[in-house]
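# Descriptive structure summary
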Amino acid sequence: LSSDATLLITGGTGGIGLAVADALHRRYGCRLILVGRTAAASTDAILPDREKFLLDVNTNMASDKSSIGTAIHAYDKLLRSVHIRDSLTALKDRGANLQFYAVDLEEPNAVQEFIADIRHQYGKIDGVFHFAGIESSSDTVSKAPSVFQSVLAAKVDRKSTRLNSSHLVISYAV
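Scope of this entry: the structure provided in the associated data block. (Residues numbered from 1 in each chain as written. Predicted model: local features only at pLDDT ≥ 70, side-chain atom pairs only at ≥ 80, totals over all residues. Heavy atoms only, no water.)

## Remarks on the overall build of the protein
A tally of regular secondary structure across the protein gives five helices and five strands. Put simply, the protein runs from its N terminus to its C terminus through helices and strands in the order β-α-β-α-α-β-α-β-α-β. Buried positions account for 36% of the 174 residues belonging to the protein. For the protein, contacts bridging at least 24 residues in sequence account for 71% of all contacts bridging at least 6. (Helix = DSSP H or I, 4+ residues; strand = E, 2+ residues; numbered from the N terminus. Buried < 20%, exposed > 50% of the residue type's maximum accessible area, 1.4 Å probe, protein only. Contact = heavy atoms within 4.5 Å.)

Have a look at this one:
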């Protein structure tokens with residue numbers, strides 16, 4: 001790989017994707033295109049204290065348990081988007097040449113549009129590191145077949161073959 005390479009990392013804001021992006025930046029200094037399903041938070045987004053947030057939710061919605069679940073989900077989504085923003089900022093602060101795109105790889109039209117945009121901007125994609133997947137906290141053996149299928153779908157579905165590049169690395173850690 002050379003410093004003028006353009007590398008695409010799906011699942012780019014997950015733990016493995018960020019670690020690989022950092023290593024590629026340090027070793028090659030190449031252009032990194034990170035793709036994740038969740039958008040990064042805006043620079044002015046502030047994460048409230050989780051305990052206070054949950055206490056407020058519990059006080060205000062004590063009779064409606066579904067609203068509590070919805071509020072917790074919203075908090076966790078905000079937490080994830082702030083983590084993405086902070087992780088990308090840290091990489092850029094270390095000098096990484098990177099762009100981040102929020103794209104659902106299970107949406108064929110979104111993928112085609114995204115790839116066309118990357119090729120238009122940079123002319124090529126020299127390599128793809130495919131770490132995308134649906135997060136699941138249980139180990140492989142404990143997964144129900146439907147959960148295992150959704151985790152693996154983003155990795156092995158035929159849509160990923162539309163990325164056409166010189167190099168493809170796929171992570172099958174589920």
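## Focus: the nonpolar core
Grouped together as the largest cluster of nonpolar side chains are 18 residues, with contacts concentrated most on Ile9, Leu24, Leu32, Leu34, Leu91, Leu98 and Phe129. Secondary-structure elements contributing two or more residues to this core are β1 (6–10), α1 (15–28), β2 (31–36), α3 (65–93) and β3 (97–102). When residues of this core are assigned to their parent elements, the largest contribution, four residues, is made by α1. Once you skip the residues sitting within four places of it in the chain, Leu32 turns out to touch Leu7, Ile9, Ala21, Leu24, His25, Asn97, Leu98 and Gln99. Counting residues in each nonpolar core, the second largest holds 14 residues, with Leu8, Phe114, Ile115 and Val128 among its members. (Core = buried A, V, L, I, M, F, W, Y, C linked by side-chain atoms within 4.5 Å.)

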